[in-house]
Amino acid sequence: MPGRHRRPPTGEQLALPTDADLRLLAITQGRTVIDEGVVTLPGGRHPYAYRTLYRPDGRVDRLLERLAPGPLQPPDFPPAG
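Computed from a predicted structure; not experimentally measured.

Engineer: Break down the pairing of strand 1 (residues 33-40) for me, citing the residues and quoting the values.
Structural biologist: Across a regular strand the side chains alternate sides, sitting on one face of the sheet and then on the other. Sheet analysis places strand 1 next to strand 2 (residues 47-54), joined by 8 bridges and oriented antiparallel. Its bridge partner lying in strand 2, Ile34 is registered against Leu53. Hairpin remark: strand 1 followed by strand 2, antiparallel, with 6 residues in the connecting loop; positive phi at Gly43, about 80 degrees.

Spelled out as C-alpha cells, the structure:
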C-alpha cells in the first residue's frame, strides 16, 4: 500500500523479485508454480526425484520418490562410445 507521499508502484516495481517464496508467487500470480528436481538426501547414496506444487489457493502438494538404481540404458543396447 503506498504511503501518503509515495506514488503507487508501476511496471517492473509490481513484479516480485526472483527469490520470492514460491507459495507467495503462486498466490499473487494466480497460477500453479512447480519446483522439481533430483536430490540425494544427506548421508544417503540413492537419488530421489521431488516435485512440489504450489497452488494459487495456498495449498502445497509434495511428492518424493526414490529413483531405481541401475544403468541409464536398457541392457539390450550396446554402450555408447
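Engineer: Account for a nonpolar patch on the surface, naming residues and giving values.
Structural biologist: A grouping of Val39, Leu41 and Leu64 is seen on the molecular surface, where their side chains present a nonpolar patch of about 230 Å² in accessible area. Position of Leu41 among the secondary structure elements: in the loop between strand 1 and strand 2.

Engineer: So what about the environment of Val38? Which residues, and what values?
Structural biologist: Tracing the chain through its elements places Val38 in strand 1. Taking relative accessible area as the criterion, Val38 reaches 59% and is therefore assigned exposed. Taking the C-alpha atoms as reference points, Val38 and Ala49, 11 residues apart in sequence, are found 4.4 Å from one another. Beyond its immediate chain neighbours, meaning those up to four positions away, Val38 contacts Pro47, Tyr48, Ala49, Tyr50 and Leu67.

How each quantity is defined
- Residues numbered from 1 in each chain as written.
- Predicted model: local features only at pLDDT ≥ 70, side-chain atom pairs only at ≥ 80, totals over all residues.
- Heavy atoms only, no water.
- Pairing = 2+ DSSP bridges.
- Helix = DSSP H or I, 4+ residues; strand = E, 2+ residues; numbered from the N terminus.
- Patch = residues over 30% accessible without salt bridge, like charges linked within 9 Å, V, L, I, M, F, W, Y side chains within 5 Å.
- Areas by Shrake-Rupley, 256 points an atom, 1.4 Å probe, with all protein chains shown as cover.
- Salt bridge = Lys/Arg side-chain N within 4 Å of Asp/Glu carboxyl O.
- Buried < 20%, exposed > 50% of the residue type's maximum accessible area, 1.4 Å probe, protein only.
- Contact = heavy atoms within 4.5 Å.

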